[in-house]
Number of protein chains: 4
Amino acid sequence: MNLNGIFPPIPTPFARDAVDHRALAANIDKWMKTRLSGLVILGSNGEAPLLEDAEADAILETARKGIPSSKTMIAGVGRESTAATIAATRRAAGLGADTVLVRTPSYYKNVMNTDAFVRHYTAVADASPVPVLLYNVSMFTGVNLLPEAAERLAQHGNIVGMKESSSDMAQFAEIIARTPDDFTVLAGSGTTFYAALSAGASGAVLALSGVIPDICVDLYEMVQKGRHSDALALQRRITPLAKLLGASYGIAGLKYALDQVGFTGGPTRPPLGTVPVDGQRRIQEELASLTARV
Amino acid sequence: MNLNGIFPPIPTPFARDAVDHRALAANIDKWMKTRLSGLVILGSNGEAPLLEDAEADAILETARKGIPSSKTMIAGVGRESTAATIAATRRAAGLGADTVLVRTPSYYKNVMNTDAFVRHYTAVADASPVPVLLYNVSMFTGVNLLPEAAERLAQHGNIVGMKESSSDMAQFAEIIARTPDDFTVLAGSGTTFYAALSAGASGAVLALSGVIPDICVDLYEMVQKGRHSDALALQRRITPLAKLLGASYGIAGLKYALDQVGFTGGPTRPPLGTVPVDGQRRIQEELASLTARV
Amino acid sequence: MNLNGIFPPIPTPFARDAVDHRALAANIDKWMKTRLSGLVILGSNGEAPLLEDAEADAILETARKGIPSSKTMIAGVGRESTAATIAATRRAAGLGADTVLVRTPSYYKNVMNTDAFVRHYTAVADASPVPVLLYNVSMFTGVNLLPEAAERLAQHGNIVGMKESSSDMAQFAEIIARTPDDFTVLAGSGTTFYAALSAGASGAVLALSGVIPDICVDLYEMVQKGRHSDALALQRRITPLAKLLGASYGIAGLKYALDQVGFTGGPTRPPLGTVPVDGQRRIQEELASLTARV
Amino acid sequence: MNLNGIFPPIPTPFARDAVDHRALAANIDKWMKTRLSGLVILGSNGEAPLLEDAEADAILETARKGIPSSKTMIAGVGRESTAATIAATRRAAGLGADTVLVRTPSYYKNVMNTDAFVRHYTAVADASPVPVLLYNVSMFTGVNLLPEAAERLAQHGNIVGMKESSSDMAQFAEIIARTPDDFTVLAGSGTTFYAALSAGASGAVLALSGVIPDICVDLYEMVQKGRHSDALALQRRITPLAKLLGASYGIAGLKYALDQVGFTGGPTRPPLGTVPVDGQRRIQEELASLTARV
């Protein structure tokens, strides 16, 4: 299983209230023709918290059909309860996931400390048929999986890496410093993609890379080859789009952008909304600028 | 339906991995012999985010059997997706809930603004067979349903009130000021119970009131009768226990305290943990102090 | 010295770049004809952090001339360094301050913990010729003087009270609970003035009370007499103006409002700015509403 | 004037209550024998908020005597009031500062928005005899000078750069992207020193570099020469010490470390304190490790 390189967290296309499996399969086919290392299914950008378990399982099934064994299929399985997380992990493994990405439980914030996280992830990793990736995404969860927790959990034989979505490079760098060299740390923020790579990230899970896969892979390879100034210049060009698809408009922005470049984004599931007209224009401008100049 | 007075958000007793319905029923019987106005089933303290839908439904069924029609049964039904929230609302109403308590969706924090909340709650209230209560609990959700949103939503004919768990009395008071007199605002923080009542709260949803129901009702009635200095003195006595069952130890603390006073609290569901020995001692001391002196 | 009741933190009128002592004296004369218990000179609303030491001393001199011994003159003396705070305290005492209000040092936030605060305030109180009031105003300082620190410092013979500006009634109530009955706790937030009084505050330092002194004293006296529902109703009427003179426009709002009711507010000192036209209109409306209906 | 490279923000040595000018001069002599590009005098690490104006002026005088014209002397001059900042700026320029570093005013947080910052810095830059550097240090000020503000201010002919102390590389990178190429952006966080350089920083103002100047200059030069993996490896080695002298112990830690390596650190000025014994041991260990292995 390859955990280096670029992995888009793919959105879930909907047709009215149901998952649009035809569009999903078509999207995946397109992504599989690029240099992406694999896909993240049922991540935050996949609207996973808005899906029923049966929908999630069906999505994994469709995804695995479209993802060849040479590419890595990462399945998001985080739930609030440890037992439900384990159940989702087992289902995902049974449906062909190469590895699972386990978001921190976060509702009971006042007691979600390092000890609680270590208990949770240890139980999940003990039970998981496939290797486990930790997932820290404070902008959504409101909790923080500290470098100390990552250090302790990296000792577990079935925990092979982590996605850290923060743009705080002090924390990102500390995680890398406190975990073994073969512990994979993936970046999750498009605006600090290059910064994370230069700090030692093995790759990235980027919403942006579903829309402009080749540009993201280019940037990754530039850093691999030591072409830091080229990579930095490219980062500056993609940063505005990364912001639009992230902090500004989130999944609605990502889906709108995908619709513009030949994929099926489609509507979000409520309570998520749409991109306002001004935001649509800005996304189009950034896409045009990136297409024209690269 | 009476929404004034005191409503404990009851915890869910577990026997190993399953819900202990016998203990649940026994707990409810005891509470029904007090002056509590009703119960909140499947609230945050009920470990609702850790339950499966089938478990939640069964709990509501057991609860309705134990709660006479003279007492109010409030069911927590909040989900991240609007559609899932509506489905849970309809099931709860079908199982006899008098009203539903709908926590804000909160995962996609960057887009959960007033417009998104108004869309979400309007759709839920349109579809709900029973009256709807808004529920703002920033300490768990990391989002804030602003007074402006409450003002707009209070105009909906099927939204009859709100539980506001903040200890920020500026926000609490502003909600009361911006909503009609017949819009019920319930407090949700034990440490500011009296402050909220004196600011105009109609009652409270307090974890504490599952443990010391009579004392909480006493305090409520003191304020009703204008005995503010007595109420304030009583508040000071219960504040330490309120902190222990809230910010300090949360549900594990609540369950431990219930075990001490003749109810079945029992274990929490992982990743929630237990109360450390020192915390157990402090809870016992506060319980002893309250029993001895009241 | 009387520390009960209402104390406006008075602004500093400027004529061009200098303090306008004539306007200051005239303002004080007017306030002295009301039922206010005294004045806070050189508080946050007095633009103290924007004044030179010589200006501050001159302001205290003018103030003391206008404040009879029957009214309490409270002088703000907080500085970042302990030594500078002690020097300012001695100057203020020499110029006739009845007590000093000592804001927490706050620049080096990462090391401003309870131990540091206890050291600082103990040194100041040891050296001060007059009684000392602690002052916690997190909205400006970004640090928090915890109830634990207040409890420890309340044991010092020369520390007689505290101004707590938070609207978090849990913290406010805890401070009152953990300090002796003769330790004066003053509220500092206009939007939670009534809530703080009902929680046991001895009085309040309110920007609002410089503009509508009689209404604020009325509310205070209502609570003293147990007329809680009247007090709550009055709180609701003053809350909008409290917000405008606080979180919305701050000192510029306070000065504008004073100009409307016959005092001299005048310009702020840069980098503070002015109230936008829309804000001016809203302040005028609230003032008209309060004048018309009380 | 050279603004590229490494600039330690030097601490202020005290002998009892007074500035120890002899020790200050001796420290400066040592630093001037290294490859540092210059020094920052009266920065946050210089305990500037704890100094009187006369002390500050005397420190600048001593510093200028020890800093040859081939090295850059940067003087911290930020005050809360615009007028006081201008006065401090003029005095610093008169005492030989090559440029001034102007911390954001921050006390009145609710009104310190982009417009207020633009007004403040424009007035200071208009009046300053020497070029001006913006200075954003949210960890101390609690306010944030946004990239938008930096973009607007970078157009002023007398504002030549900025020190940004955040470890959030998204914001850091955005500032660089939105300002002209000849606008100098200096990093201010030791734990993200390499990340900031690889994101395009022209250099850094690092407390750490007063203690291990050569190692910090080495890291800077590695990035200049494209030796990113060497720089990253070196960053990992200095990160623990950077944390100890920053978030953990601050100026007390910096002074303690300087005492260990032949400079005079000495005591801090209260309310700042000392490094606990455990922290002293950790600082010694990191120093030994860095000395032994580099």
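In case you missed it, the structure is sitting above this.
Here goes a summary of the coordinates provided. In this text, all values refer to a predicted model and were calculated from it rather than measured experimentally.

Concerning the pattern of salt bridges
Turning to step 1, where the next piece is worked out: Under the definition given, this model contains 64 salt bridges over all chains.
Turning to step 2, where the next piece is worked out: With its nearest N and O atoms 2.8 Å apart, the salt bridge here joins Glu55 of chain B to Arg269 of chain B. With Glu55 of chain B in helix α2 (residues 53–66) and Arg269 of chain B in the loop between α12 (250–260) and α13 (277–293), this residue pair connects regions lying 214 residues apart in the sequence. Grouping residues by exposure puts Glu55 of chain B and Arg269 of chain B together as buried.
Turning to step 3, where the next piece is worked out: Of the charged contacts, one joins Glu47 of chain D and Lys255 of chain D as a salt bridge, the two residues approaching to 2.6 Å between their closest N and O atoms. Highlighted residues: Glu47 of chain D in the loop between β4 (38–41) and α2 (53–66) and Lys255 of chain D in helix α12 (residues 250–260), separated in sequence by 208 residues.
Turning to step 4, where the next piece is worked out: Glu47 of chain D gets classed as buried once you look at its relative accessible area, which sits at 0%.
Turning to step 5, where the next piece is worked out: For Lys255 of chain D, a relative accessible area of 0% puts it in the buried group.
Turning to step 6, where the next piece is worked out: Counted as one network, the salt bridges with shared partners bring together Arg35, Asp214, Asp218 and Glu221 of chain A.

Brief notes about the relation of the copies chain C and chain B
Turning to step 1, where the next piece is worked out: Mapping chain C onto chain B calls for a screw motion: a turn of 180° about the axis and a shift of 0.0 Å along it, with 0.0 Å RMSD after fitting. In short, the pair behaves as if placed about a two-fold rotation axis. The rotation axis passes nearest to the C-alpha of Asp168 of chain C in chain C, at a distance of 2.1 Å.
Turning to step 2, where the next piece is worked out: When the interface residues of chain C are mapped onto chain B, 100% of them again fall at the interface, so both copies present the same face.

Quick notes on unusual backbone geometry
Turning to step 1, where the next piece is worked out: Following Pro270 of chain A, the chain continues to Pro271 of chain A via a peptide bond in cis, the omega torsion being 15°.
Turning to step 2, where the next piece is worked out: As for its placement among the helices and strands, Pro271 of chain A is situated in the loop between α12 (250–260) and α13 (277–293).
Turning to step 3, where the next piece is worked out: Unusually for a residue other than glycine, Leu42 of chain C sits at a positive phi of about 65°.
Turning to step 4, where the next piece is worked out: Looking at the secondary structure, you find Leu42 of chain C in the loop between β4 (38–41) and α2 (53–66).
Turning to step 5, where the next piece is worked out: The phi dihedral of Arg16 of chain D falls on the positive side, at around 55°, and the residue is not glycine.
Turning to step 6, where the next piece is worked out: Note on placement: Arg16 of chain D falls in the loop between β2 (14–15) and β3 (18–19).

Examining the relation of the copies chain D and chain C
Turning to step 1, where the next piece is worked out: At an RMSD of 0.0 Å, chain D and chain C line up after a rotation of 180° and a shift of 0.0 Å along the axis.
Turning to step 2, where the next piece is worked out: Both copies present the same face, since 97% of the interface residues in chain D are matched by interface residues at the equivalent positions in chain C.

Conventions and cut-offs
- Residues numbered from 1 in each chain as written.
- Chains lettered and ligands numbered in written order.
- Predicted model: local features only at pLDDT ≥ 70, side-chain atom pairs only at ≥ 80, totals over all residues.
- Heavy atoms only, no water.
- Salt bridge = Lys/Arg side-chain N within 4 Å of Asp/Glu carboxyl O.
- Helix = DSSP H or I, 4+ residues; strand = E, 2+ residues; numbered from the N terminus.
- Buried < 20%, exposed > 50% of the residue type's maximum accessible area, 1.4 Å probe, protein only.
- Least-squares fit on C-alpha atoms with pLDDT ≥ 70 in both.
- Contact = heavy atoms within 4.5 Å.

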